[in-house]
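Okay, here's what each chain looks like letter by letter:
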Amino acid sequence: MDEELITERRPVTGPQVFGYVRHVTGGQARHAALVDCLTEYCRRHELTLCGVFTDREATVAVRSPAFVGLLDTLELPNTYGIVIPVLSHLGPKRIASERRQQITATSTRLIVVRSNKTIPGPVPFLGASPGLQQQGGT
């Protein structure tokens, strides 16, 4: 009999994602809570969170250093997508729209942890439903 472990007991990694948060107000505890939210979501959905990019500037630019770094990582092989706590982390409507287009151009997924509505646009979302349901209380 073969003694090799079955798939469920082998150490496997899920699809690789990168997190992105805008953390302008609040202290280190707030930033840690945002990262914990992404980490827990990824754990529950069998995604591998490879890192979290954080914008800390109050002014929002489409090509901020953290967002450009995120876009660079989305070009890496085997990258599944980006995970954000809520859509507002992409910025105000005009900037969020441009950022979603840039994410779409990378052929990766945009995963929104807490969303109460279907988000229009060409960016594909994780899951079979057209919109994601709110997850947890973080």
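Residues numbered from 1 in each chain as written. Predicted model: local features only at pLDDT ≥ 70, side-chain atom pairs only at ≥ 80, totals over all residues. Heavy atoms only, no water.

**Side note on the overall build of the protein chain**
Along its length, the protein chain carries three helices and four strands. Secondary structure elements of the protein chain occur, N-terminal to C-terminal, as β-α-β-α-β-α-β. Within the span of the protein chain, comprising 138 residues, buried residues form 38% of the whole. A separation of at least 24 residues holds for 66% of the contacts in the protein chain among residues at least 6 apart in sequence. Entry remark: accessible area of the protein chain is about 8300 Å², with carbon and sulfur atoms responsible for 53%. (Helix = DSSP H or I, 4+ residues; strand = E, 2+ residues; numbered from the N terminus. Buried < 20%, exposed > 50% of the residue type's maximum accessible area, 1.4 Å probe, protein only. Contact = heavy atoms within 4.5 Å. Areas by Shrake-Rupley, 256 points an atom, 1.4 Å probe, with all protein chains shown as cover.)

**Here we look at the packing of aromatic side chains**
All chains considered together, the criterion is met by two aromatic pairs. Here the aromatic rings of Phe 18 and Phe 53 are separated by 6.3 Å at their centres, their planes lie at 50°, and the arrangement is tilted. With a gap of 35 residues between them, Phe 18 in strand β1 (residues 16–22) and Phe 53 in strand β2 (residues 48–55) connect regions that are remote in the sequence. Ring centres of Tyr 20 and Phe 67 lie 5.5 Å apart, and the angle between their planes is 80°; on these two criteria the pair is classed as edge-to-face. Placement of the pair is Tyr 20 in strand β1 and Phe 67 in helix α2 (residues 65–74), with a sequence separation of 47 residues. Look at Tyr 20 and you get buried, because its relative accessible area is 0%. Take Phe 67: its relative accessible area is 0%, and that puts it in the buried class. The cationic tip of Arg 99 hangs over the ring face of Phe 67; the distance from NZ or CZ to the ring centre is 4.5 Å. (Phe/Tyr/Trp six-rings, centres within 6.5 Å; stacked < 30°, edge-to-face > 60°. Lys NZ or Arg CZ within 6 Å of the ring centre and 35° of its normal.)

**Quick look at the pattern of salt bridges**
If you walk through the whole model with that rule in mind, you get three salt bridges. Between Arg 43 and Glu 40 there is a salt bridge, with its nearest N and O atoms 2.5 Å apart. A residue pair is termed a helical-turn pair when its members lie 3 or 4 positions apart in one helix, as Arg 43 and Glu 40 do in helix α1 (residues 28–44) at three residues. You can call Arg 43 exposed: its relative accessible area is 57%. Judged by relative accessible area, Glu 40 falls into the partly exposed class, the value being 31%. The partner of Arg 44 in a salt bridge is Glu 40, with the nearest N and O atoms 3.7 Å apart. Taken together, the residues Arg 44 and Glu 40, both in helix α1 and four residues apart, mark about one turn of the helix. A network of salt bridges, in which partner residues are shared, links Glu 40, Arg 43 and Arg 44. (Salt bridge = Lys/Arg side-chain N within 4 Å of Asp/Glu carboxyl O.)

**What about the sheet that holds strand β4 (residues 109–112)?**
Reading across the sheet, the four strands line up as β2-β1-β3-β4 and stay open at both edges, with parallel pairing between neighbours. What marks the edges here is a single partner per strand, and that holds for β2 and β4. Adjacent strand axes in the sheet meet at a mean angle of 25° when their direction is disregarded. Here four bridges tie strand β3 (residues 79–84) to β4, and the two strands are oriented parallel to one another. What sits directly across from Val 83, in β4, is Ile 111. Sheet strands touched by α2: β1, β2 and β3. Its angle to β2, the strand with the most contacts, is close to 155°. (Pairing = 2+ DSSP bridges. Axes fitted to C-alpha atoms, helices over the stretch in contact; angles between N-to-C directions.)

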